[in-house]
Amino acid sequence: MKRIIAKKTLRDYWEKHAESEQYLKTWYETAKNSNWLNPNDIKKTYANASILQDNRVVFNIKRNSYRLIVKFNHQRQWAFIRFVGTHAEYDKINAETI
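These figures come from a predicted structure and were not determined experimentally.

Right, let's get into helix 2 (residues 21-32). Here helix 2 contains 12 residues, and its C-alpha end-to-end distance of 16 Å stays within 8% of the 16 Å for a straight helix at 1.5 Å per residue. When we look at burial in helix 2, the residues that qualify are L24, W27, Y28 and A31. For helix 2, the arc enclosing every buried residue in end-on projection is 100°, short of the 170-degree limit, so these residues lie on one face. Against strand 1 (3-5), helix 1 (7-16), strand 3 (56-61), strand 4 (66-73) and strand 5 (78-86) lie the buried residues of helix 2.

So, in structure tokens, the structure goes:
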């Protein structure tokens, strides 16, 4: 990905939830250094990722303790972080509209 918007969202989260920090940093570096051209490319890296409509993907972080929702523009190689939270917080939102 050429651009991930916004790392600050991840940083703000791991500053409040220190146990998520290394996992989110690993996801960020992996995504930043990947050339995902479609959802199948993402699944090759993250087999447990859930592909949703509207180019959204749900990633399981720290063995599913946390969820990360990212909206992708594969053509421009952009990733937009839409949500990061606990599994319980994830259950309270609509992953396809957040």
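We now examine unusual backbone geometry. Following I5, the chain continues to A6 via a peptide bond in cis, the omega torsion being 0°. Looking at the element boundaries, A6 is found in the loop between strand 1 and helix 1. Residues other than glycine seldom take positive phi values, yet N55 does so here, at roughly 60°. Along the chain, N55 falls in the loop between strand 2 (50-51) and strand 3. Here N55 falls in the partly exposed class, since its relative accessible area comes to 39%. Positive phi is not limited to glycine here, since Q77 has a value of about 65°. Mapped onto the secondary structure, Q77 falls in the loop between strand 4 and strand 5.

The rules we used
- Residues numbered from 1 in each chain as written.
- Predicted model: local features only at pLDDT ≥ 70, side-chain atom pairs only at ≥ 80, totals over all residues.
- Heavy atoms only, no water.
- Helix = DSSP H or I, 4+ residues; strand = E, 2+ residues; numbered from the N terminus.
- Expected span 1.5 Å × (residues − 1).
- Buried < 20%, exposed > 50% of the residue type's maximum accessible area, 1.4 Å probe, protein only.
- Arc of directions from axis to C-beta.
- Contact = heavy atoms within 4.5 Å.

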